[in-house]
Each structure stands twice: as C-alpha cells, then as structure tokens.
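Chain by chain, the residues:
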Amino acid sequence: PAYAAVPICIYAEIASLQEALQAALPQVAAPALLIHSQSDAAVPAAALQQIYDRLGSTHKEMMSLEGFDHSVVRDPKRQVVFERIGEFIRTLGQVD
C-alpha cells in the first residue's frame, strides 16, 4: 500500500469528490484521454467506461491496461502509457 495508515475521514472526502466529479463531467469540453488499469485495486474497472460515458467532450478516448497497478505512470511498464499520451497529444492538432 502507498500509506501505512489511512485516516477514516478520507472516505467522506472521497464520496464528496465522487459526487462533484459526476456533476462536473458533462461540462468537460476539453479533449480527454482516460487511462486505467484493469488490475487497479483502488478504482473499479467499470469506472473507466462510466466516466467516459458522462464526459461532455466530443474528443475522448480510453486506454485500458492489463497488469498495471493504480499509479500507471510509476509502473515499470509505463513507457506504453507515455507513448499513448504522446499519440493522443499529436491528434489534438487534427481535431476540428
């Protein structure tokens, strides 16, 4: 685990944040690349599709990874993530 102990109050904060996120997602108009690991123990795999579906952006993509932990950019296999981010950024110049 990332932390030796987690304060109990964090759970109320997370619930509040999730509520605010759900309300704000339809208002997001910026291009978005969502990246998630199917093996993430902190965020359910279904969250990727749920967030994607609610995003207001017309230019949005998903990347689902196998065998990564929660922090995909710190994983030893992270190069594939960086390459995908680079590809996504390059497409932004082609968006109408």
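For the structure given in this document, a descriptive report is provided here.

**Considering the overall build of the protein**
Counting secondary structure elements, the protein contains 3 helices and 2 strands. Ordered by position from N to C terminus, the α and β elements of the protein give α-β-α-β-α. Here the C-alpha coordinates of the protein stretch approximately 45 × 35 × 20 Å along the principal axes. Burial status across the protein gives 23% buried among its 96 residues. By sequence separation, contacts in the protein at least 24 residues apart represent 61% of the contacts at least 6 residues apart. Counting only carbon and sulfur atoms, one obtains 59% of the accessible surface of the protein, whose full area is about 7000 Å². When the 7 positive and 11 negative side-chain charges of the protein are each reduced to one mean point, those points stand 4 Å apart.

**As for the environment of M62**
By secondary structure assignment, the location of M62 is in strand 2 (residues 60-65). Sequence spacing of M62 and E19 is 43 residues, and the spatial spacing of their C-alpha atoms is 22 Å. In contact with M62, other than residues within four places in its own chain, are L34, L48, Q49 and Y52.

**Quick word on the pattern of salt bridges**
Once the charged atoms of two side chains with opposite charge are near each other, the side chains can pair. Within this structure, the stated rule accounts for 3 salt bridges. Between K77 and D75 there is a salt bridge whose closest N-O contact spans 3.1 Å. With a relative accessible area of 42%, K77 lands in the partly exposed category. Here R84 makes a salt bridge to E87, at a shortest N to O gap of 3.8 Å.

Each value, and the rule that gives it
Residues numbered from 1 in each chain as written. Predicted model: local features only at pLDDT ≥ 70, side-chain atom pairs only at ≥ 80, totals over all residues. Heavy atoms only, no water. Helix = DSSP H or I, 4+ residues; strand = E, 2+ residues; numbered from the N terminus. Buried < 20%, exposed > 50% of the residue type's maximum accessible area, 1.4 Å probe, protein only. Contact = heavy atoms within 4.5 Å. Areas by Shrake-Rupley, 256 points an atom, 1.4 Å probe, with all protein chains shown as cover. Lys, Arg positive; Asp, Glu negative; His and termini not counted. Charge placed at Lys NZ, Arg CZ, Asp CG, Glu CD. Salt bridge = Lys/Arg side-chain N within 4 Å of Asp/Glu carboxyl O.

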